[in-house]
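This is what each chain is made of:
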Amino acid sequence: GTRLDDLLDSGPAPAGTGRRCVLTFDDGHESNYTRALPVLLEAGFRATFFVTVGWIGRSPYMTWEQIRALAASGMEIGSHSLTHRPPATLQRSDLEIEMAESRKRLEDRLGLPVVSASSPTGFFNPEMIPVVQTLGYRGLCTGRIALWRNPLDRFRIPRIPVKPGATPAEFGRMVLGD
């Protein structure tokens with residue numbers, strides 16, 4: 001597993017190197033810190049955590065201290081918006097506030113650049129693409145379920161959800177695109 005920003009920096013995989021896998025987590029649930037982080041560190045993996053900034057410090061979401069610990073452990077912190085309102089219900093001006101303010105707060109509190117974003121709720125609004133591009137994000141994950149086959153399409157990155165109860169074999173098949 002790697003971070004999304006690392007993959008965005010490196011471009012397409014060189015021929016013959018096989019597939020690469022980015023592990024992402026949305027929302028900022030406290031289990032990202034208490035359960036996922038120890039497993040990732042033990043496996044030597046890095047991942048990207050998309051945090052809903054307005055939920056930080058509210059149970060059952062992570063605190064700023066936990067998010068700083070994720071970042072200090074080598075994990076990427078990205079924006080999952082300010083309030084998690086469904087983007088499909090928002091005007092462009094609201095999308096700009098959601099994505100600009102969440103990024104600003106994360107960067108101010110963490111002292112790190114925030115370059116990746118994830119659209120909340122799975123209900124995508126195409127207006128998010130020019131909004132995040134204008135704000136300087138370098139990648140945007142959507143709720144579309146698919147493998148990311150075109151590494152040049154950085155603002156419609158699909159993902160494969162891993163649901164609770166998925167077996168290691170099922171997870172392996174997902175990672176291999178099977």
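Being a predicted model, the structure only gives us computed values, none of them experimental.

Student: What should I look at first to understand the side chain of N32 in this one?
Tutor: Looking at the element boundaries, N32 is found in helix α2 (residues 31-43). The exposure class of N32 is buried, given its relative accessible area of 6%. Residue contacts for N32: discarding those within four places in its chain leaves F25, L37, F49, M62 and L70.

Student: How should I be thinking about unusual backbone geometry in this particular structure?
Tutor: Most of the time, phi is negative for any residue but glycine, and the peptide bond is trans. In this structure, P60 follows S59 across a cis peptide bond, with omega equal to 5 degrees. Even without being a glycine, D27 presents a positive backbone phi close to 95 degrees. Checked against the element boundaries, D27 lands in strand β1 (residues 24-27). Exposure remark for D27: the relative accessible area of 24% places this residue in the partly exposed category. Of note, the phi angle at S81 is positive, near 85 degrees, even though the residue is not glycine. Position of S81 relative to the elements: it lies in the loop between β3 (76-79) and α4 (92-110).

Student: Could you clarify how one ought to interpret the pairing of β3 in this entry?
Tutor: Two faces, one strand: in a regular strand the side chains alternate between the faces of the sheet. Burial of β3 is two-sided: the residues E76 and G78 facing one way and the residues I77 and S79 facing the other way are all buried. Sheet topology note: the strand β2 (residues 48-51)/β3 ladder contains 4 bridges and is parallel. By the bridge assignment for β3, V51 is matched with S79. The β-α-β motif built from β2, the intervening helix α3 (residues 64-72) and the parallel element β3 has right-handed crossover chirality.

Student: Looking at this structure, I do not really get the packing of α4 against helix α5 (residues 128-135). What am I missing?
Tutor: Packed helices, taken two at a time, are described by the angle between their axes plus the distance between the axes. Between α4 and α5, the shortest axis-to-axis distance is 10 Å and the interhelical angle comes to 40 degrees. If you check the angle between α4 and α5, you find them oblique. α5 is crossed by α4, and the crossing has right-handed handedness. Of the residues in α5, those touching α4 at R92, L95, E96, M99, A100 and R103 are M128, P130, V131, V132, T134 and L135. Across the contact of α4 with α5, the residue classes break down as 8 nonpolar, 1 polar and 3 charged.

Definitions and cut-offs
- Going along each chain's sequence as written, the residues are numbered from 1 onward.
- Thresholds applied to this predicted model are a pLDDT of at least 70 for local features of residues and 80 or more for the giving and counting of side-chain atom pairs; totals over whole chains, interfaces and linings are not thresholded and use all residues.
- Calculation of side-chain values draws on the structure's entire complement of heavy atoms; hydrogens and water are dropped beforehand.
- Comment: elements are numbered from the N terminus, with helices defined as DSSP H or I runs of at least four residues and strands as E runs of at least two.
- For every residue, the accessible area obtained with a 1.4 Å probe (protein chains only) is divided by the maximum for its type, and the residue is called buried under 20%, exposed over 50%, and partly exposed between those limits.
- What makes two residues a contact is simply this: any of their non-hydrogen atoms within 4.5 Å.
- The rule for pairing is simple: two strands pair if DSSP sees at least two bridges between them.
- Call a crossover right-handed when, viewed with both strands pointing away from you, the route from the first strand across the helix to the second goes clockwise.
- Lines fitted to C-alpha atoms define the axes, with helix axes restricted to the stretch in contact, and inter-axis angles between N-to-C directions lie between 0 and 180 degrees.
- Roughly parallel covers angles under 35 degrees, roughly antiparallel covers those over 145, roughly perpendicular covers 65 to 115, and oblique covers all other angles.
- Helix crossings get a hand from a simple test, with the near helix turned counterclockwise from the far one by less than a right angle marking a left-handed crossing and a clockwise turn marking a right-handed one.
- Residue classes follow a fixed rule: Ala, Val, Leu, Ile, Met, Phe, Trp, Tyr, Cys and Pro count as nonpolar, while Asp, Glu, Lys and Arg count as charged, and any other residue, Gly among them, counts as polar.

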